[in-house]
Amino acid sequence: MCEDLNPSCNYKHCRSFFQISFEEMKWSKSHLPFLTTIFHLEDDVVYLSKKQQVKRRTQKLLDQYLYYKNKNEKFVWINYENAIIELISDPELGMGVRLTKCFDKVEFYGNANNWYKFMKRFAVQYDFYRYYTPIKKLNKIKFGEQFKGKNKLDSLDYIIKIYQKSSIYDDEDRQQFFREISVIRQLQTDLTMKFFDLFESQDQIFVIVENLPSHNLQDYVIKNPFFSEDKAAKVIFRVIKIIAYLHSKKIMHRDIKLENFIFRQIDNFDSLCLTDFKLAEFHDEDGNYQFKRCGTVGYVAPEILADQNYDLQVDVYSVGILLYILFTGREPFDGNYQEKVIQNLIGFIDFQDLKVSNLALDLLKGLLKLDPQERLSSHQALNHKWFQREKLIRALKQQIKFTLQSKNKPYQVKASFKKSLTVLPTNSIPQLQSPLSFRLKTLPNPQPFERVHLPEIYRRATHLLPSNSILYGRVK
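Residues numbered from 1 in each chain as written. Predicted model: local features only at pLDDT ≥ 70, side-chain atom pairs only at ≥ 80, totals over all residues. Heavy atoms only, no water.

The name recorded for the protein in an unreviewed UniProt entry is Protein kinase domain-containing protein, from Paramecium sonneborni. Here is the UniProt Subunit (unreviewed entry) comment for the protein, exactly as written: "Monomer." (UniProt positions renumbered as here; feature names shortened; annotations may be inferred.)

Undergrad: I'd like to hear about the overall build of the protein, residue by residue, with values.
TA: Counting its regular elements, the protein contains twelve helices and 17 strands. In the protein, which comprises 476 residues, the share counted as buried stands at 54%. For the protein, the computed accessible surface area is about 23,900 Å², with 50% contributed by carbon and sulfur atoms. (Helix = DSSP H or I, 4+ residues; strand = E, 2+ residues; numbered from the N terminus. Buried < 20%, exposed > 50% of the residue type's maximum accessible area, 1.4 Å probe, protein only. Areas by Shrake-Rupley, 256 points an atom, 1.4 Å probe, with all protein chains shown as cover.)

Undergrad: Residues and numbers for the sheet that holds strand β9 (residues 144–151), please.
TA: Within a sheet, neighbouring strands are paired by backbone hydrogen bonds and run either parallel or antiparallel to one another. Pairing is antiparallel in the open sheet, where five strands are placed in the order β8-β9-β10-β12-β11. Lying at the two open borders of the sheet, with one neighbouring strand each, are β8 (132–141) and β11 (195–200). When the angles between neighbouring strand axes are averaged without regard to direction, this sheet yields 25°. Sitting on the sheet, helix α3 (residues 171–185) touches β10 (157–164), β11 and β12 (204–210), and the angle it makes with β11 is about 140°. (Pairing = 2+ DSSP bridges. Axes fitted to C-alpha atoms, helices over the stretch in contact; angles between N-to-C directions. Contact = heavy atoms within 4.5 Å.)

Undergrad: How would you summarise the pairing of β10 if you had to cite specific residues and measurements?
TA: With respect to burial, β10 is a largely interior element, six of its eight residues being buried. The hairpin turn running from β9 into β10, its antiparallel successor, is five residues long, and Ser155 in that turn takes a positive phi close to 60°. Judged from the seven bridges that link them, β10 and β12 form a sheet pairing that is antiparallel. Bridge pairing in β12 places Lys161 opposite Val207.

Undergrad: So, unusual backbone geometry: which residues are in play, and what are the values?
TA: Of note, Gln52 is a non-glycine position whose phi angle comes to about 65°, a positive value. Within the secondary structure, Gln52 is located in the loop between β1 (41–48) and β2 (54–62). Non-glycine residue Glu73 carries a positive phi angle of around 65°. The residue Glu73 is located in the loop between β3 (65–69) and β4 (75–79) in this model.

Undergrad: Describe helix α8 (residues 337–346), with residues and values.
TA: Every buried residue of α8 is listed here: Tyr337, Lys340, Val341, Asn344 and Leu345. An end-on view of α8 places all buried positions within 135° of arc, on one side of the element. Taking the backbone nitrogen of Gln338 as reference, a side-chain oxygen 3.2 Å away marks Asn336 as the first, capping residue of α8. Phi turns positive one or two residues past the end of α8, at Gly347, with a value near 80°. (Arc of directions from axis to C-beta. Polar contact = N/O pair within 3.5 Å; in protein donor to acceptor, adjacent residues only side chain to side chain.)

Undergrad: Explain the nonpolar core residue by residue, including any values.
TA: Membership of the largest hydrophobic core comes to 92 residues, with the highest contact counts inside it found for Ile236 and Trp386. Discounting residues that sit within four places of it in the chain, Ile236 has contacts with Val319, Leu322, Leu323, Leu326, Trp386 and Phe387. The next biggest cluster of nonpolar side chains, apart from the first, holds 32 residues, and it includes Ile78, Tyr131, Ile160 and Phe199. (Core = buried A, V, L, I, M, F, W, Y, C linked by side-chain atoms within 4.5 Å.)

Undergrad: Can you explain the pattern of salt bridges? Please cite residues and give values.
TA: Taken as a whole, this structure holds 24 salt bridges when the rule is applied. Between Asp157 and Lys148 there is a salt bridge whose closest N-O contact spans 3.9 Å. When its relative accessible area of 31% is taken as the criterion, Asp157 is described as partly exposed. Its relative accessible area of 31% is what places Lys148 among the partly exposed residues. Ionic pairing is found between Lys340 and Glu331, a salt bridge with its closest N-O pair at 2.9 Å. For Lys340, a relative accessible area of 19% gives the class buried. Overall, Glu331 belongs to the partly exposed group, its relative accessible area being 27%. The structure contains a network of salt bridges with shared partners spanning Glu86, Arg98 and Glu107. (Salt bridge = Lys/Arg side-chain N within 4 Å of Asp/Glu carboxyl O.)

Undergrad: Provide a residue-level description of the side chain of Lys101, including the pertinent values.
TA: Mapped onto the fold, Lys101 is located in strand β6 (residues 94–101). In this structure Lys101 is buried but unpaired, with Glu23 as the nearest side chain of opposite charge at 4.1 Å. From its side chain, Lys101 meets the backbone oxygen of Asn79 in a polar contact 2.9 Å long. Not counting chain neighbours up to four residues away, the residues in contact with Lys101 comprise Gln19, Glu23, Glu24, Met25, Asn79, Tyr80, Glu81 and Ala83. (Lys, Arg positive; Asp, Glu negative; His and termini not counted.)

Undergrad: Any chance you could break down α3 for me, citing the residues and the numbers?
TA: With 15 residues, α3 extends 21 Å between its outermost C-alpha atoms, agreeing within 8% with the 21 Å of an ideal straight helix rising 1.5 Å per residue. Of all 15 residues making up α3, 13 are buried, and the element is well covered by its neighbours. By the N-cap criterion, in which a side-chain oxygen at the helix start approaches the backbone nitrogen of a residue two or three places on, α3 is capped by Asp170, the distance to Glu172 being 2.8 Å. (Expected span 1.5 Å × (residues − 1).)

Undergrad: Tell me about the pairing of β4, and please be specific about residues and values.
TA: Sheet topology places β3 next to β4; five bridges connect them, and they run antiparallel. Counterpart to Lys69 in the pairing with β4 is Phe75. Hairpin geometry of β3 and β4 is characterised by an intervening segment of five residues between the two adjacent antiparallel strands and by a positive phi of about 65° at Glu73.

Undergrad: Requested: an account of a nonpolar patch on the surface, with residues and values cited.
TA: Residues Ile342, Ile346 and Phe348 make up a contiguous nonpolar surface patch of roughly 320 Å² in combined accessible area. Here Ile342 lies in helix α8. (Patch = residues over 30% accessible without salt bridge, like charges linked within 9 Å, V, L, I, M, F, W, Y side chains within 5 Å.)

Undergrad: Now, about the packing of aromatic side chains: what can you tell me, with residues and values included?
TA: In total, this model carries 29 aromatic pairs according to the counting rule given. Both rings, one in Phe18 and one in Phe178, keep their centres 5.2 Å apart while their planes meet at 35°; by these two values the pair is tilted. Linking Phe18 in the segment before β1 with Phe178 in helix α3, this pair joins segments that are 160 residues apart in sequence. Neither residue differs from the other here; Phe18 and Phe178 are each classed as buried. Centre to centre, the rings of Phe237 and Phe387 are 5.0 Å apart; their planes meet at 70°, and the pair counts as edge-to-face. In this pair, Phe237 sits in helix α5 (residues 229–248) while Phe387 sits in helix α11 (residues 385–389), placing the two residues 150 residues apart along the sequence. Across the pair, exposure class does not vary: Phe237 and Phe387 are buried alike. Among the aromatic side chains, those forming a connected cluster through ring pairs are Phe128, Tyr129, Tyr131, Tyr132, Tyr158, Phe196, Phe199 and Phe206. The ring of Tyr68 is capped by Arg57, whose NZ or CZ atom sits 4.3 Å from the centre of that ring. Against the face of Tyr289 rests Arg254, its NZ or CZ located 5.5 Å from the ring centre. (Phe/Tyr/Trp six-rings, centres within 6.5 Å; stacked < 30°, edge-to-face > 60°. Lys NZ or Arg CZ within 6 Å of the ring centre and 35° of its normal.)

This is the structure in structure tokens:
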């Protein structure tokens, strides 16, 4: 039994590093934050009431939400994200699941291993070495180290990121770390890097993600700089499909560029997936983001550099830059650091020398509109006539139909309680504003002879920064 994974914390409610901000985990009858027509798991469970009476209910699971209907046919739900999850055992009720978040606990019994399997993605586990073995150290990462390792149950290879809690002491660093975890937990698809597990000990945090090849789209473009329209259409269709998936979950990536697209199968465009969610953020209509100015120079949308409020359309602009590179073999903005920043801010792109069809040019211009309101959305771009000509829309519709058919058959388990439950052993368990408003995150470090007349930025030391990026900081 694990009561406290963060004993050094000054807050009594803080049982986990992820529970520094106090959150209750109580069953709520308020408006549901999700649709009840979709769920990942439905099962009969038993639990002990406040009077220690054995009760039964049909419980459902959707991502980080548990919910059921009470006797008044009203939905009751909790959000268990970042709760500590563990298997428990009762002499009469058998195996069960316990969730602990701050001062609150939720326990239920019945088919516990299955519930644990589905719920662990959004929870915090504490027995890392029971399931995984780090084998080979790959490199240092911010706040820790990255390993290649094996899962003891399926013997497959995974990437294991081991973070030192003592290194994540700054509030900004911690909030960014929490947000990245929250984002990647939502992404269970072949379109993006997959997240599997999160473990915590008293000193370390273990994040388990998919073991992907190292070959990315930038590597391919360097070796194959000239793309036909057919070839470019296949690549960009896959890219927009990925972005549309993120946007359907109200997630902005904010760092779309060639090197962030990895081939699962070497040089197979249909296997491209998106990685690196350090700058990803859930869209907020009021623009309340921890870091508003972020992206990579040459790809970033002008409204970000102009310190304007922005939305999901910033990713679309970056996709337009990517398509321009596929057509021309070069970026639309060049020169030294300062020149590139200003060009990117103004956003003027000369399309006259492009030797592509009218349909391809129409899509490119639609992606690169300076006004985000006039810019194509990711879903509009997917249905552009250029892709229809390439006969890719038909394949997408067939795939969507198949996916919908699969999702309409959720995993359902009905445990039988006609007989007493078996006791299981425990071990089975674009207008430039004042430079003073600049808040940069991933703009490149200029060389001494390219020094820019922008406010001084305090940069924090980190590991393995991309060659064209700087870490976020505060303006002096």
